[in-house]
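If you want the building blocks of each chain, they are given just below.
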Amino acid sequence: MNINELTVEELYSKIHAKEIKPSEVTEALFERIEKYDGDIKAFITLTKDEAIERAKELDQLQAEDKMDGELFGIPVGIKDNIVTKDVLTTCASKMLHNFKPVYDATVMTKLKEENSVMLGKVNMDEFAMGSTSETSYYQTSRNPWNLACSPGGSSGGSAAAVAAGFVPFALGTDTGGSVRQPASFCGVVGMKPTYGRVSRYGLIAFASSLDQVGPITRTVRDNAKVLELISGEDSEHDMTSAKDQNTDFLSGIDKDISGMKFALPKEFLGDDVDQSVTDAVLKAKERLESLGAKVDEVDMPNLKYVVSSYYLIASSEASANLARFDGIRFGYRSENANNLDELYKKSRGEGFGDEVKRRILLGTYVLSSGHYDAFYLKAQKLRRLVAEDVQRILSDYDLIIGPTSTTPAHKYDEVKIEGTKEYKNDILTIPANLTGVPSLSIPCGLTGDNLPIGLQLIGNHFEEKKIYNVAYQFEKTYNLHDELKKLTMGAE
Amino acid sequence: MEELDFDRLRHVANLSKIEIKDDEELKNLSTKIQSIVKHAAQLEELDLDGVEPMTHVIDVENKLREDVAGQPLSQDEALKNTVSKEAGQFKVPRMI
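What counts as what
Residues numbered from 1 in each chain as written. Chains lettered and ligands numbered in written order. Predicted model: local features only at pLDDT ≥ 70, side-chain atom pairs only at ≥ 80, totals over all residues. Contact = placed C-beta atoms within 7 Å. Helix = DSSP H or I, 4+ residues; strand = E, 2+ residues; numbered from the N terminus. Nonpolar A, V, L, I, M, F, W, Y, C, P; charged D, E, K, R; others polar. Axes fitted to C-alpha atoms, helices over the stretch in contact; angles between N-to-C directions. Parallel < 35°, antiparallel > 145°, perpendicular 65-115°, else oblique. UniProt positions renumbered as here; feature names shortened; annotations may be inferred. Buried ≥ 20, exposed ≤ 12 C-beta atoms within 10 Å, placed from the backbone.

Q: Lay out the interface of chain A and chain B in plain terms, naming residues and giving numbers.
A: If you look at the interface, chain A gives 54 residues, while chain B gives 44 residues. Those elements that provide at least two residues to the side of chain A that touches chain B are α9 (306–321), α10 (340–351), α11 (354–367) and α12 (372–396) of chain A. Here the element with the most residues in the side of chain A that touches chain B is α12(A); it accounts for twelve residues. Looking at the side of chain A that touches chain B residue by residue, the classes come out as 26 nonpolar, 14 polar and 14 charged.

Q: Can you tell me about the packing of α9(A) against α11(A), naming the residues and giving the values?
A: All names here are of chain A. Between α9 and α11, whose axes approach to 7 Å, the crossing angle comes to 100°. As judged from the angle between their axes, α9 and α11 are roughly perpendicular. Here Leu 312, Ser 315, Ser 316, Ala 318 and Ser 319 of α9 come into contact with α11, specifically with Arg 359, Ile 360, Leu 362, Gly 363, Thr 364, Val 366 and Leu 367. Looking at the contact of α9 with α11 residue by residue, the classes come out as six nonpolar, five polar and one charged.

Q: Before we move on, can you summarise the UniProt feature "active site" (unreviewed entry) in chain A with the specific residues and values?
A: Residue and element names in this part refer to chain A. UniProt's entry tags Lys 79, Ser 154 and Ser 178 with the feature "active site" (unreviewed entry), counted in the numbering of this structure. Spanning 100 residues, the annotated positions come together in the fold, the maximum distance between their C-alpha atoms being 11.0 Å. Looking at the element boundaries, Ser 154 is found in the loop between β3 (117–122) and α5 (156–163). The buried category is assigned to Ser 154, around which 34 C-beta atoms lie within 10 Å. Non-local contacts of Ser 154, meaning those with residues more than four positions away in its chain, are made with Met 124, Asp 125, Ala 128, Met 129, Gly 130, Ser 131, Ser 133 and Ser 178. As for its placement among the helices and strands, Ser 178 is situated in the loop between β4 (169–173) and α6 (180–186). Here Ser 178 falls in the buried class, since 37 other C-beta atoms lie within 10 Å of it. Leaving out residues up to four positions away in the same chain, Ser 178 has contacts with Ala 128, Gly 153, Ser 154, Ser 155, Gly 172 and Thr 173.

Here is the structure:
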């Protein structure tokens, strides 16, 4: 038995049957991380001592038959923009190189209550701004399927860690596709839940009206299970979670999907989409039809405007959210400042990387006097039109389907794509963020170069259960479970 | 639409409290920002009159809690992550 190949559900059964101890699981995974993470570079911070100590406490509880918690003894990797009490939380930025939060994010509290064991904090694009994991101040993560390729981003460390068998599940965050695109690139399952499904308390904010925490796993059932455990109203804290939620996603996951109707917007298979991706998605469409579902082509006329709208809104919100990094209360402080104004400017100038500065500057410009109407207001109006497109389609169809990303993972040494072309790759994931609907990426094929391709399933607000039902049935017809187990991570 | 030239960008950096080291950095930051601003001009081709701007994607209402004193962060905890403190306070360079 290779412990690194086990899913969340399999680990749960084996730990409960006392076939393995929590400490054996944790130690086996650290062994694998130590062997391969020098190449993959998924983790920024490893919490080995704390994890093994906690796992040994759980061994004791296992021996006493006191195995409380749905994730008892099951390891997790946490994206480094989710605050973890007393554990370095950097947002992959020099700005937070020394930041040890004094409290846990709600999602962390929930995982701890379920007795999950955190192995460490995983890499990301700096402040989640990017889609390659290259803007990290600390390291560039690699794709376990091909070390020359990006794992995607911004939750690239989360997806790479799950694909590499370092952890059975990880948490990522998704503002414009940052859970789904890396899940697609790494051949794993990633969910961007409904806006408000999961509390954002303790998530270091990028764009508050778009951000959402979501699970990355190797199977659909694992994903549904983890989302059940981290979602729900967080009554103690502010406004970040929706009330009166039904958080049962697993019951009925095996229901027949025949008779369901899916919409495939023809703009989702436009000229910008790689042929390999189009082919895999059309094959996925046939698989869904073979399960008795009906798939129609529809129009989503405003899709071509979503990238503009997204960058204006996300950058505007970022410019406000990142004002909190003042060099005074936490994080990096410049040593070259002679007065307070210099302290702000030098700390921020030296602490933030280029991509973060660009977005703060863009957001500040967009919100500044004379430009608000031209940019921000138009972007918010376009957001309404996209939401109306999505609602119009979902009033006739169960789900919207399409590719997750326009391309498979790109090679790092490929010539850098300039300007907005790089940003345009997010065009297919952005609609779910702008409109707040849930969206899942599951593997649906491989390119000729053996790189995974993701299928995106978009549902209406709070309809994650339906998405998981369809994804689970689809997964039975196509999955990469065996291929993931065979990944050699560069070794012969 | 007013062009986002270097002077304008320096002004925006000043508003953002971000020091730009030199012209090279300014140029490096400017290229991508310019291309996004240019691309965003496509929104002008849309007729958006009468469209309500969307600020919330789901129905939300304010949550209020009872006005009861809770346990906030202690002073020690609040100061734990600062680089410089003195007498239980954040310490900064002199302002005047």
